[in-house]
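Below are the chains, spelled out letter by letter.
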Amino acid sequence: MNQVLIKGARLYGEGDPVDVLVNGGTIAEIGSVQAPEDAEVIDADGQVLLPGFVDLHTHLREPGREDTETIETGSAAAALGGYTAVFAMANTDPVADNAVIVEHVWRRGREVGLVDVHPVGAVTVGLKGERLAELGTMAKSAAGVRVFSDDGHCVHDPLIMRRALEYSTALDVVIAQHAEEPRLTVGAQAHEGEQASRLGYAGWPASAEESIVARDCLLAEHAGARLHVCHVSTSGTADVLRWAKDRGTRVSAEVTPHHLLLTDERLATYDPVNKVNPPLRTNADVEKLRAALAEGVIDCVATDHAPHAPQDKDCEWSAARPGMLGLQTALSVVAATMVETGLLDWRGVAKVMSERPAEIAGLPDQGRPIAVGEPANLALVDPGAQWTVRGAELASLAANTPYEGMRLPAVVTATLLRGRVTAREGKIC
């Protein structure tokens, strides 16, 4: 039986270092532990031990764009970033709007075995927003789909969105919305503001996001349904979420690492690596999003990991595809924006990167406490280490990271999935 002994780890970064013995996929002992003869030993030397991270928003591009990412390479990036579960968005080719496609994604994830890959089912057929996809069939398939989203597109028709929310209650699933009123963003290239005006870019107004979030919170409230808001990017959306939660609406929300760190001032370089949807906003938005995450108004961090081929990024801004890599840099960005600023401690990081996303998605074996008898889905983090981001050195097939050359804090030194070491010291095991 596989045994791993993590020696001298600080659980959640708190208290004195302890040893953690993992046996057969679960945590067997915590304290001062003598290493079993056949155990793999990881010397933590006071590093922080956290529950393995859960990403509710990942683009693995398979099937259809295996030139940019595969389930294997995306899983490797996730494991190296401390993740033990990821949710693969439905905007593949063909679209994951039926049981055949979601089961393919699920099975490929199991074959690779580096993280638990949970397919996200499309809300509408072909992501076209015209008629509901086979939500029930996908939910009852071998993949057991629990989250549905047309991410990359907004379910903009209120009648279709209302029907999706109402139907979701019978299935006990979550509808995740890419909040963007399309009539307000026709031709949009950047956040509508001073930077876009100065550079000559068509603006993407904050109200395009906020109006959809407000509408959908009301629809979810009346349906008694669970709504999840993808990649929150504006201070106004945070205000809407606070209002909805105060009313008892069953709404949750995520923020991306890049929206916690980067602003639209990056647009001055004209580098399409900074093009993303929703766009980078202002410094005031960034500050408000950080505060909302710390307060719990925004529930969790999700990467929106979006790999792109060189030809889709190394071109003029208007022709470039939106999106950024995120799986291997997420923890470091959260450490820089939330931990080093004093907004979160490491237990707080565990909440927003593991516990809360697992709860939102209904994963009973992820985001669990670090305690005897619990599943050994774990991430070991060296909080004092730093590393320099190089896109070409990341595990993803793509290299479109906005953090190229940045020196970031905190390094994931080991990841365990059900007691098996999947990544250690920057290498896949």
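The structure presented is a predicted model; accordingly, all values stated were derived computationally and were not measured.

### Section: the overall build of the protein chain
Check the secondary structure of the protein chain and you find eleven helices and 19 strands. Here the protein chain has a C-alpha radius of gyration of 21 Å; the compact-globule value for 429 residues is 22 Å, and the two agree. The dimensions of the protein chain, computed from C-alpha atoms along their principal axes, are 65 × 45 × 45 Å. Evaluated residue by residue, the protein chain yields a buried proportion of 60% over its 429 residues. Within the protein chain, contacts between residues separated by at least 24 positions form 75% of all contacts whose residues are at least 6 apart in sequence. Surface exposure of the protein chain reaches about 16000 Å², of which carbon and sulfur atoms provide 48%. Here the protein chain holds 38 positive side-chain charges and 59 negative ones, and the gap between their average locations is 4 Å.

### What about the nonpolar core?
Ile6, Trp346 and Met353 are the most contacted members of the largest nonpolar core, which has 103 residues in total. In contact with Ile6, not counting residues within four places along its chain, are Val18, Asp19, Val20, Ile42, Ala44, Leu49, Leu378, Leu380 and Leu416. Core analysis: the next-biggest nonpolar cluster, separate from the first, contains 14 residues, Val54, Leu56, Ala85 and Cys300 among them.

### Structural notes on the sheet that holds strand β6 (residues 53–58)
What the three strands build is an open sheet, ordered β6-β7-β8; its pairing is parallel. Whereas interior strands pair on both sides, the edge strands pair on one side only; in this sheet they are β6 and β8 (116–119). Each neighbouring strand pair of the sheet contributes to a mean axis angle of 20°, computed without reference to strand direction. Bridge count between strand β7 (residues 83–88) and β8: four bridges; the pairing is parallel. Looking at β8, one finds that Phe87 is bridged to His118. Together, β6 and β7 form the strand contacts of helix α11 (residues 346–361), whose direction differs from that of β6 by roughly 60°.

### Considerations on the environment of Met353
With respect to the helices and strands, the residue Met353 is situated in helix α11. Through-space distance from the C-alpha of Met353 to that of Thr303 is 9.9 Å; in sequence the pair is 50 residues apart. Once residues within four sequence positions are removed from consideration, Met353 is found in contact with Phe53, Val54, Tyr83, Val301, Ala330, Leu331 and Val334.

### So, the UniProt feature "domain: Dihydroorotase catalytic" (unreviewed entry) in the protein chain
The sites that carry the UniProt feature "domain: Dihydroorotase catalytic" (unreviewed entry) are, in the present numbering, residues 46–234. In this annotation, residues 46–234 is assigned 35% helix and 18% strand; the end-to-end C-alpha distance for the span is 37 Å.

Each value, and the rule that gives it
- Residues numbered from 1 in each chain as written.
- Predicted model: local features only at pLDDT ≥ 70, side-chain atom pairs only at ≥ 80, totals over all residues.
- Heavy atoms only, no water.
- Helix = DSSP H or I, 4+ residues; strand = E, 2+ residues; numbered from the N terminus.
- Rg over C-alpha atoms; globule rule 2.2 N^0.38 Å.
- Buried < 20%, exposed > 50% of the residue type's maximum accessible area, 1.4 Å probe, protein only.
- Contact = heavy atoms within 4.5 Å.
- Areas by Shrake-Rupley, 256 points an atom, 1.4 Å probe, with all protein chains shown as cover.
- Lys, Arg positive; Asp, Glu negative; His and termini not counted.
- Charge placed at Lys NZ, Arg CZ, Asp CG, Glu CD.
- Core = buried A, V, L, I, M, F, W, Y, C linked by side-chain atoms within 4.5 Å.
- Pairing = 2+ DSSP bridges.
- Axes fitted to C-alpha atoms, helices over the stretch in contact; angles between N-to-C directions.
- UniProt positions renumbered as here; feature names shortened; annotations may be inferred.

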